[in-house]
Amino acid sequence: MVRGRISRLSVRDVRFPTSLGGHGSDAMHMDPDYSAAYVVIETDAEDGIKGCGITFTLGKGTEVDWSREGRGAPGDSGCPKCGVGLVGQAGGKACLEVTCGHEKQMLAQGYPAYTTSCAWLGYSDDTLKQLCAQALKDGWTRFKVKVGADLQGDVRRCQIIRDMIGPEKTLMMDANQRWDVPEAVEWMSKLAKFKPLWIEEPTSPDDILGHAAISKALVPLGIGIATGEQCHNRVIFKQLLQAKALQFLQIDSCRLGSVNENLSVLLMAKKFEIPVCPHAGGVGLCELVQHLIIFDYISVSASLKNRMCEYVDHLHEHFKYPVMIQRASYMPPKDPGYSTEMKEESVKKHQYPDGEVWKKLLAAQEN
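Calculation notes
Residues numbered from 1 in each chain as written. Predicted model: local features only at pLDDT ≥ 70, side-chain atom pairs only at ≥ 80, totals over all residues. Heavy atoms only, no water. UniProt positions renumbered as here; feature names shortened; annotations may be inferred. Helix = DSSP H or I, 4+ residues; strand = E, 2+ residues; numbered from the N terminus. Buried < 20%, exposed > 50% of the residue type's maximum accessible area, 1.4 Å probe, protein only. Contact = heavy atoms within 4.5 Å. Areas by Shrake-Rupley, 256 points an atom, 1.4 Å probe, with all protein chains shown as cover. Phe/Tyr/Trp six-rings, centres within 6.5 Å; stacked < 30°, edge-to-face > 60°. Axes fitted to C-alpha atoms, helices over the stretch in contact; angles between N-to-C directions. Parallel < 35°, antiparallel > 145°, perpendicular 65-115°, else oblique. Left-handed = near helix turned anticlockwise from the far one by under 90°. Arc of directions from axis to C-beta. Polar contact = N/O pair within 3.5 Å; in protein donor to acceptor, adjacent residues only side chain to side chain.

Per an unreviewed UniProt entry, the protein chain goes by the name Mitochondrial enolase superfamily member 1 and belongs to Macaca nemestrina. As stated in UniProt under Catalytic activity (unreviewed entry), the record for the protein chain gives "L-fuconate = 2-dehydro-3-deoxy-L-fuconate + H2O". Check the Cofactor (unreviewed entry) section of the UniProt entry for the protein chain; it says "Mg(2+)".

Time to look at the overall build of the protein chain. Each helix and strand in the protein chain was counted, giving 11 helices and 13 strands. In the protein chain, which comprises 367 residues, the share counted as buried stands at 53%. Counting only contacts in the protein chain whose residues sit at least 6 apart along the sequence, the fraction spanning at least 24 positions is 72%. Of the roughly 16400 Å² of accessible surface on the protein chain, a fraction of 51% belongs to carbon and sulfur atoms.

So, about the packing of aromatic side chains. To describe a pair of aromatic rings, you give the distance between the ring centres and the angle between the ring planes. Under the criterion given, the structure shown has seven aromatic pairs. Their ring planes at 80° and their centres at 5.0 Å tell us that Y34 and F56 sit as a pair that is edge-to-face. In this pair, Y34 is assigned in the loop between β1 (6-15) and β2 (35-43) and F56 in strand β3 (residues 50-57), connecting sequence segments 22 residues apart. Residue classification places Y34 among the buried positions, given a relative accessible area of 6%. Both rings, one in W198 and one in F248, keep their centres 5.0 Å apart while their planes meet at 50°; by these two values the pair is tilted. Of this pair, W198 sits in strand β8 (residues 198-200) while F248 sits in strand β10 (residues 248-249); the two residues are 50 residues apart in sequence, bridging distant segments of the chain. Each member of the pair, W198 as well as F248, carries the same accessibility label: buried.

Let us now look at the packing of helix α3 (residues 125-137) against helix α4 (residues 151-165). Between α3 and α4, the shortest axis-to-axis distance is 10 Å and the interhelical angle comes to 25°. Accordingly, the angle class assigned to the pair α3 and α4 is roughly parallel. α3 and α4 meet at a crossing whose hand is right-handed. For the pair α3 and α4, the contacting residues are D125, L128, K129, C132, A133 and L136 in the first and R156, R157, I160, I161, M164 and I165 in the second.

Those residues of helix α7 (residues 234-242) not exposed but buried are I236, F237, L240 and L241. Summarising the axial view, the buried residues of α7 lie within an arc of 135°, below the 170-degree limit, and thus occupy one face. On its buried face, α7 sits against α6 (208-218), β9 (224-227), β10 and α8 (259-272). Trailing α7 by a residue or two, K244 shows a phi angle of about 55°, which is positive.

A separate point is α6. Those residues of α6 lying buried are I208, G210, H211, A212, I214, S215 and L218. Packing partners of the buried residues in α6 comprise α5 (181-191), β8, β9 and α7. Capping of α6 at its N-terminal end is provided by D207; its side-chain oxygen lies 2.7 Å from the backbone amide nitrogen of G210.

Rendered as structure tokens:
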């Protein structure tokens, strides 16, 4: 039975000036403004059901997705991190029916997470120390540090964070595709003394054989390869798995373009016995990916061994159903839908270039 017909579609360019604080900075993008082409499809249904979708970008390129999505084309311009996926926020209350031990464990303990928030590449050493100390106080035990721009700077920053978290806590590194294959091997050989669990995106995300070569070289050092956030379909993941090019698989909740495409990758990871450790952060990615990781645990993998999901503590306040973190873990959402709906007040204030926030910033730049 059809509940309603599409009555209106809106697409807005929403940008947050994260570059002002160095948030989100990495070896490839030193001054990103986390942004999104935000899509809302409304219907004439009596209960007002609507679909909300986002294409996460780094600011530049958002207007391209804004134009494409307004015409009904999939969002994926040169800079965006993710493709769009629309999922309805249905009315009514969520019903959590607990039927197995895995579900009970999720409700009680949550899904393990790691933090990237304290070690963006653009942060000063003092800021890194301050945020790392706060993360430890908040109970975090898994940390990721951005690397790849300057080797001596990486050594210094990795030494700081390893000294602060101690040898027993988990450290990961992320190069954001900065290196070629020989450079990745050489660079990580010099960072191996900090005992990273993995190096993330050491080279171009579609270089399957390059990842395989790096993986083979770093296995003796005890360093795994994590990649996948930029992989745009299940075929790339299939090839990475077949080539033994990764030890940790990182789906992205929007980049693959649909829930179904993500589920197919989860099933392949299960077949190859590779743990899934999703990419998150940005604008709304944590909100979306929480549904996928909990589904993976309850219905596919039934394991938390070597599994964790990224968490970035930025911009959640702009979402109507923000992610919940307790004891450094994702807690299962209790609201219906895919958690993509943004607060209308936030959208209006950060709409580019006419929102209140951007009018002030652009006027200041002109002066």
